[in-house]
Amino acid sequence: MKSALIIIFSCLLAALSLAHDVKPPATVTPAKEFFPKSEPPTTGKATTTAAGKATTPQPTTPAANGTSGPVPTTSRATTQPAPPTNTTAVPPTATPPKPTPHADLSAGDYRLMKGKSVCLMARVALQIRLVTPKASGTFIVQPNKTKAVGECRENTANLTLVFQEGFITFMFNKSTAENIAYVDTLLFSLVYPLSNGSGHYAAANKSLRAFPAKISHSYSCRSESVYMGNGLYLDVKDDRMQAFNLTKSAEFGVTDHCAADQPDYSVAIGVGVTLLVLILVVVVVYLLGRKRRTDGYQSL
């Protein structure tokens, strides 16, 4: 009995010593405490306690699944597509040139300068004409809307008449051996509705010997036409031009007329011959009649 009490007393002492030395057991936190309520974010500044020790701020963003670290959030911008439209882009259409009002064919005065001297002069009325079985039309060059450009050299010169619808170029050549000056090339470009076609015409004739005149003379013609091909003609009216050796007073030299303007004496010669024959016939008839009358008298 005594030994049993000693054993019980020893056990109580051991239990008391264990209760004094052992820490209280850990308690298990309920699952909901691992997900604290979200609070406004705080700045990451360290706070100082009353004891003067700095404490590191704890992250305020809760873990989604109980793990440490903030959960990144992504915001998706929703863009709604614009409703489709059925409009179709229409390509711009080129506006065809409109015919200019009808103008009378009139001559314009054009000059080129070489230094302070006039090196080329032309007084001419021009029109471009289209004649084909399917189409025809005429464009008249208006002098008040035309500008002369070009240059003069020793044996060649070019005169280009520029207007809103295009240009016409005359290229002159001087042959000292033949003592003659002439146009060897004509070309033009025109954007104008001569017919119901495209309205763009271009032509060149480089094998000419047109508008010939002696050197220091001027060429003159009332009317002539140059065929440019493809039914196109360049009509030249009331023309007078000179490309080389103009007078010091910038005047035309002696005029050399075109063949069409040369005086025609054939009719006058024919009329004169006819009159002469008639006169001879009359004289012969008169003499024969007089002879017959004298033969009817007898001498006494």
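Here, the structure is the one placed above.
Residues numbered from 1 in each chain as written. Predicted model: local features only at pLDDT ≥ 70, side-chain atom pairs only at ≥ 80, totals over all residues. Heavy atoms only, no water.

Asker: Sorry if this is basic, but what is going on with the pairing of strand E4 (residues 117-131) here?
Answerer: It is a general feature of regular strands that their side chains alternate between the two faces of the sheet. Taking burial as the measure, the 15 residues of E4 include 11 buried ones, the bulk of the element. Count of turn residues in the strand E3 (residues 108-114)/E4 antiparallel hairpin: 2 residues, of which Gly 115 carries a positive phi of about 70°. In this structure, E4 lies alongside strand E13 (residues 232-242), joined through 9 bridges in antiparallel fashion. By the bridge assignment for E13, Arg 129 is matched with Tyr 233. (Buried < 20%, exposed > 50% of the residue type's maximum accessible area, 1.4 Å probe, protein only. Helix = DSSP H or I, 4+ residues; strand = E, 2+ residues; numbered from the N terminus. Pairing = 2+ DSSP bridges.)

Asker: What am I meant to see in the environment of Gly 166 here?
Answerer: Structurally, Gly 166 is set in strand E8 (residues 166-175). The class of Gly 166 is buried, set by a relative accessible area of 15%. Here the alpha-carbon distance between Gly 166 and Ser 189, two residues 23 residues apart in the chain, equals 5.3 Å. If we ignore the near neighbours within four places in the chain, the residues touching Gly 166 are Leu 161 and Ser 189. (Contact = heavy atoms within 4.5 Å.)

Asker: What is the right way to look at the pattern of salt bridges in this model?
Answerer: Side-chain pairing between opposite charges can occur once the charged atoms of the two side chains come close. Enumeration over the complete set of coordinates arrives at 4 salt bridges. Measuring nitrogen to oxygen at the nearest pair gives 3.3 Å for the salt bridge that ties Arg 153 to Glu 151. Classification of Glu 151 by relative accessible area gives partly exposed; the value is 37%. Notably, a salt bridge pairs Arg 209 with Glu 178, separated by 2.6 Å at the nearest N-O pair. On the criterion of sequence distance, the pair formed by Arg 209 in the loop between strand E10 (200-205) and strand E11 (210-214) and Glu 178 in the loop between E8 and strand E9 (180-191) is long-range, its members being 31 residues apart. Judged by relative accessible area, Arg 209 falls into the partly exposed class, the value being 43%. When its relative accessible area of 48% is taken as the criterion, Glu 178 is described as partly exposed. (Salt bridge = Lys/Arg side-chain N within 4 Å of Asp/Glu carboxyl O.)

Asker: Help me out: how do you make sense of the environment of Asp 256 in this one?
Answerer: Counting through the fold element by element, Asp 256 comes out in strand E14 (residues 255-257). Counting along the chain gives 38 residues from Asp 256 to Ser 218, while the straight-line C-alpha distance between them is 6.0 Å.

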